[in-house]
Amino acid sequence: MGACVEYEEQASLHAAEALEGEEAARFQAHLESCAACQAEVASAREVLGQVALPPQTPVEVRAQDGLGSRTLAAWRREQTRRGMGRRALGSLAAVAAVVALMLGPSALERLKAPHPVTTPGAVQSASARDDVDAETLAAFEAWAGLDPLEDDGSGYGLDEDLTWDDSDLDGDFDLGETL
């Protein structure tokens, strides 16, 4: 025999202890006088008792006690880590922008400056450069005009003096002549 039709749902809720307030008081008053609803509540409690979880162990209670605060702390750490990554990326972008602003004008000038057209194999004279003085240019041109050395230097010791000796030059070579 089942519960009264109008109290069938309330019997299940009462067995699960889910009824509150005036509704719980009204059903409790009906339950005292109705054997069918009493049987329905007892049957529902038996079923719910079989599916109920066992009582928590002390370890589970301790783990559950601080769960909210630990979860919040982990979330805050993750947000802080993400924020640091964003700040680092923003700082890197700012540094790149400063470098671009500082180097940009000189790079643009180099791109806009006319480049001399040279043919392959042609050597551009160093005199075209303004930052090379005449004495250095003459010494370089004198050096470039010499014959290649035949000695690879393997016969010299580490402590041996390898200073330049002017007596090795041909008598007709002028250090100031150009190529």
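Going by the structure above, here's the rest.
Overview of the structure. It should be emphasised that the depicted structure is a prediction, and the values quoted were computed from it without experimental measurement. Throughout, residues of each chain are indexed from 1 in the direction in which the sequence is written. Residue-level local features of this predicted model are given only where pLDDT is at least 70; pairs of side-chain atoms are given and counted only at 80 or more, and the full residue set underlies all totals for whole chains, interfaces and linings. Computation of side-chain values covers all heavy atoms of the structure but excludes hydrogens and water.

Right, let's get into the nonpolar core. Each nonpolar core is a collection of buried residues, namely Ala, Val, Leu, Ile, Met, Phe, Trp, Tyr and Cys, held together in the definition by side-chain atoms within 4.5 Å. Three labels apply to residues, based on accessible area from a 1.4 Å probe with only protein chains included: buried if under 20% of the type maximum, exposed if over 50%, partly exposed otherwise in between. In terms of nonpolar packing, the biggest core is built from 13 residues, with Phe 27, Leu 31, Cys 37 and Val 41 touching the most fellow members. Put simply, DSSP H or I for four residues or longer makes a helix, DSSP E for two residues or longer makes a strand, and each gets a number counted from the N terminus. Of all the secondary structure elements, the ones that give two or more residues to this core are helix H1 (8–15), helix H2 (21–33) and helix H3 (35–51). It is H3 that contributes the most residues to this core, four residues altogether. Note on definitions: a residue-residue contact is assigned when non-hydrogen atoms from the two residues lie within 4.5 Å. Look past the residues within four positions of Phe 27 in its chain and what remains in contact with it is Tyr 7, Gln 10, Ala 11, His 14, Leu 19 and Val 41.

On to the packing of H1 against H3, then. Only the stretch in contact is used when fitting a helix axis, every axis being a line fitted to C-alpha atoms; angles between N-to-C directions are given from 0 to 180 degrees. Orientation of H1 relative to H3, taken along the N-to-C sense of each, is 45 degrees, at an axis distance of 8 Å. The angle between H1 and H3 falls in the class oblique. In the crossing of H1 with H3, the sense of the turn from one axis to the other is right-handed. Contacts between H1 and H3 involve Ala 11, His 14 and Ala 15 from the former and Glu 40, Val 41, Ala 44, Arg 45 and Leu 48 from the latter. The scheme is simple: roughly parallel for angles under 35 degrees, roughly antiparallel for over 145, roughly perpendicular for 65 to 115, oblique for anything else. Should the near helix be turned anticlockwise from the far one by less than a right angle, the crossing is termed left-handed; should it be turned clockwise, right-handed.

The next point concerns the packing of aromatic side chains. Each aromatic pair joins two rings of Phe, Tyr and Trp (for Trp, the six-membered one) with centres within 6.5 Å, and gets the label stacked for planes under 30 degrees apart, edge-to-face for over 60, and tilted for any other angle. Counted according to the given criterion, the structure contains one aromatic pair. Arranged with centres 5.9 Å apart and planes meeting at 55 degrees, the rings of Tyr 7 and Phe 27 form a pair that is tilted. One end of the pair, Tyr 7, is in the segment before H1; the other, Phe 27, is in helix H2, and 20 residues separate them in sequence.

Moving on to the pattern of salt bridges. Only one rule defines a salt bridge in this text: a Lys or Arg side-chain nitrogen within 4 Å of an Asp or Glu carboxyl oxygen. A full pass over the atoms with the stated rule returns three salt bridges. Between Glu 78 and Arg 81 there is a salt bridge whose closest N-O contact spans 2.5 Å. Here Glu 78 and its partner Arg 81 are both found in helix H5 (residues 67–112), three residues apart, which amounts to about one turn of the helix. Glu 78 serves as the salt-bridge partner of Arg 82, at 3.1 Å between the closest nitrogen and oxygen. Remark: Glu 78 and Arg 82 occur in helix H5; sequence separation between them is four residues, near one turn of the helix. Among the residues examined, Glu 78 registers a relative accessible area of 27% and is labelled partly exposed. Through salt bridges with shared partners, a single ionic network connects Glu 78, Arg 81 and Arg 82.

Our next topic: unusual backbone geometry. The phi torsion at Glu 17 lies on the positive side, around 60 degrees, for a residue other than glycine. As for its position among the elements, Glu 17 is in the loop between H1 and H2. On the basis of relative accessible area, Glu 17 is assigned to the exposed category, the value being 70%.

The subject of this paragraph is the side chain of Gln 10. Turning to its location among the elements, Gln 10 is positioned in helix H1. Polar contacts, as used here, are pairs of N or O atoms within 3.5 Å; protein pairs need one atom able to donate a hydrogen and one able to accept it. Residues neighboring in sequence count only if both atoms are side-chain atoms. In this structure the side chain of Gln 10 is engaged in a polar contact, spanning 3.0 Å, whose partner is the side chain of Glu 23. Setting aside chain neighbours within four positions, we find Gln 10 in contact with Leu 19, Glu 23 and Phe 27.

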